[in-house]
Every structure is written in structure tokens, then in C-alpha cells.
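Examination of the molecular architecture
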Amino acid sequence: DKIPWTDWRIKGFTGLEVLSCYSSARKASILRLLAFPARYWVNSKFALTGTLRYPTENMEKWYKLNQVEDGFDYYGIFALDAHAKLPVTKKFQFNFPSYASMFEIMTVYVKVGDMVTKSPALASQQVVEGLKKGNFFNVVESIAPANGFECRFEDKLGNITEMGGRTARTGGRLLLKMPFEFDTDILVKRNGKDYQRISSDKRKELEILVDGKGFYHLEIYASDHLFDDLPWILTNPFFVGYGEKVKVDTGILSAES
């Protein structure tokens, strides 16, 4: 069994699974697992989302990786890790949840420019390039879709940096578009620590001033939702005040597999 990953001496990868449906389910209590089948057949989204917990340990690992200025940037991604089975013991497993139900729980939104090409091969290449750059954000889709969400960094000269990008200037603002019909709680973190919190916000567009070197990312929660303890949206960092990074072409490391 290779879960959890323990060799943190490894270098040269570009990202980390900060939240995994499969790993969360494996850590659920026996009572929660025993109740899961009945909940699943009544409402699969509710049952599957209910197995998720805030990934404190993985987030701390992610923060530590980015605090070491080794020239590499580490991006965070949500992973379904779908197996169409849920092991309870070594000899017993549930032969569900289905792939279809799993794909309703979490989504990765990748920015690919103004338009996606109609060519499947080129479109997939656009998506892969966006992932490599860290220009994507993660969503617990079972809470709500996040279509139209935008988050960018603008320095004092008006230069724009997308998620996952670096900028040498330390002053500027985060520009957010929030086209949602419900209130949100916004938490901005710098180097893994709380930087600014905005509660029960109704605005469709926001500006958040940023001052000082660090990697900034956002956690956005759906106010007063049943699962308002889960980060509904998790962005990738903006590396503010950093130089050029080392160019690598590697993959995503699972923290728990």
C-alpha cells in the first residue's frame, strides 16, 4: 500500500493533490462509511460531498513546498481519484460510487485564452498548457458551478499576472469577478497564513490590495451552505515579488498515493 506518500525529499514536480475524494473516503469513520450506502442511494451528491473534509495536512505540505525558494512553483489541484469502489476492509468493498456520480463532485477549471480551438488534439494541448502554468482553479462542483469566476493580479503599472504566474513587483491588487447569486466568504492567504477575510460578500467584482512579497491564493466559501466548511473555490497562487522560475516539464504528485 503506497498511501500515504512519505518521501518528501523528491523535487522537480509541479503540483500536489491537495484534496482527493478517494483519500477522504478512506479516512472516514466506520460509522460514516456504514451510513454511506443509504445516503448515496437517496442523494449521491450529498453523500459524496459529505465524505470531504478540509485537507489541513495536505495544505500545510503545499505551503511548505512553496516557502522554499528553490526556483520551482507548486500548484494545488483537486482530484477525484475515482475507482468505482469504496474499500472498507482488505476483503470487503462497496462497488460504488459510480464514475458518473463522482464526476459531479469536483471540477478543475482551466484558463485557455479567449477561445478553445475546435480541434480535439489542439484543445487538449491548450488544457495541458494551462495546467502546466498553474492557470486553473479548483471547485467543489456539488456545492455550485463556478462559471464566470475570474481572479487575476494587477501590479501598480497595470501589468496582469494570471494564476500560477510570477511578478517581480510586490504592490498591486487582486481582481475578482464573482457572478454568483449567493453570498460568499473570501479568504486571501499569503504564504499559507490568513491575509484578509471578507465575509458574506454580495459584490460581483472586487479589488483586494496586495502589498509585500509572498505567494497569495484564495479560498472562497459558499456562505450559509450546508457544506460551508469546504473551500468551494481554491485558486492557485500568485507569486508576487519573485524572480524567474526554473523551467521544468514534470507532473502532479499525489500527496496520498
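That block above? That's the structure.
Residues numbered from 1 in each chain as written. Predicted model: local features only at pLDDT ≥ 70, side-chain atom pairs only at ≥ 80, totals over all residues. Heavy atoms only, no water.

1. Considering empty space enclosed by the protein
Across all of its chains, the model carries two cavities of 30 Å³ or more by this definition. For the second largest cavity, the calculated volume is near 40 Å³. Taken together, Met178, Phe180, Phe182, Thr184, Asp201, Lys202, Arg203 and Lys204 form the lining of the second largest cavity. Of the residues contributing to the lining of the second largest cavity, the split by class is three nonpolar, one polar and four charged. (1 Å grid on protein atoms, 1.4 Å probe; cavity = no way out; pocket = protein on both sides within 12 Å on 5 of 7 lines; lining within 4 Å. Points joined across faces, edges and corners; volume = space filled by probe spheres on them. Nonpolar A, V, L, I, M, F, W, Y, C, P; charged D, E, K, R; others polar.)

2. A short note on the environment of Glu154
Checked against the element boundaries, Glu154 lands in strand β7 (residues 150-155). Separated by 17 residues in sequence, Glu154 and Gly171 place their C-alpha atoms 8.7 Å apart. With near-sequence residues (within four places) excluded, Glu154 lies in contact with Asn159, Ile160, Gly172, Arg173 and Leu175. Within the structure, Glu154 has its side chain in polar contact with the side chain of Arg173 (distance 2.4 Å). (Helix = DSSP H or I, 4+ residues; strand = E, 2+ residues; numbered from the N terminus. Contact = heavy atoms within 4.5 Å. Polar contact = N/O pair within 3.5 Å; in protein donor to acceptor, adjacent residues only side chain to side chain.)

3. Comments concerning the sheet that holds strand β13 (residues 205-211)
With antiparallel pairing, the four strands of this open sheet are ordered in space as β8-β7-β10-β13. Each edge of the open sheet carries a strand with a single partner, namely β8 (160-161) and β13. The pairing of β7 with strand β10 (residues 171-177) spans six bridges and is antiparallel. Bridging from a neighbouring strand, Glu154 pairs with Arg173 of β10. (Pairing = 2+ DSSP bridges.)

4. Some remarks on the environment of Lys133
Here Lys133 lies in helix α6 (residues 120-133). Along the backbone, Lys133 and Tyr74 are 59 residues apart, and their C-alpha atoms lie at a distance of 10.0 Å. Apart from residues lying up to four places away in sequence, Lys133 is in contact with Tyr75, Met163 and Gly164.

5. Looking at the pattern of salt bridges
Where charged atoms from two side chains of opposite charge approach closely, those side chains can pair. Counted according to the given criterion, the structure contains 14 salt bridges. A salt bridge links Glu162 to Lys111, with the nearest nitrogen and oxygen atoms 3.0 Å apart. With Glu162 in the loop between β8 and β9 (166-167) and Lys111 in the loop between β5 (106-110) and α6, this pair connects stretches of sequence that are 51 residues apart. Here Glu162 falls in the partly exposed class, since its relative accessible area comes to 24%. Ionic pairing is found between Lys204 and Glu181, a salt bridge with its closest N-O pair at 4.0 Å. Highlighted residues: Lys204 in the loop between β12 (193-201) and β13 and Glu181 in the loop between β10 and β11 (184-190), separated in sequence by 23 residues. The class of Glu181 is exposed, set by a relative accessible area of 77%. Because the salt bridges share partners, they merge into one network encompassing Lys111, Glu150, Arg152 and Glu162. (Salt bridge = Lys/Arg side-chain N within 4 Å of Asp/Glu carboxyl O. Buried < 20%, exposed > 50% of the residue type's maximum accessible area, 1.4 Å probe, protein only.)

6. Structural notes on the packing of aromatic side chains
The tally for this structure, following the rule as stated, stands at 13 aromatic pairs. On the basis of an interplanar angle of 55 degrees and a centroid distance of 5.1 Å, the ring pair of Phe13 and Tyr74 is categorised as tilted. In this pair, Phe13 sits in the segment before β1 (15-20) while Tyr74 sits in the loop between α4 (56-67) and β2 (75-79), placing the two residues 61 residues apart along the sequence. On the numbers, 5.0 Å between centres and 10 degrees between planes, the contact of Tyr109 with Phe137 is stacked. Of the two residues, Tyr109 is situated in strand β5 and Phe137 in strand β6 (residues 136-140); the sequence distance between them amounts to 28 residues. Just as Tyr109 is buried, Phe137 falls in that class too. Cluster of aromatic residues (ring-pair linked, three or more members): Tyr109, Phe137 and Phe149. (Phe/Tyr/Trp six-rings, centres within 6.5 Å; stacked < 30°, edge-to-face > 60°.)

7. Here's the deal with the pairing of β7
The pairing of β7 with β8 spans two bridges and is classified as antiparallel. By the bridge assignment, Glu154 is partnered in β8 with Ile160.

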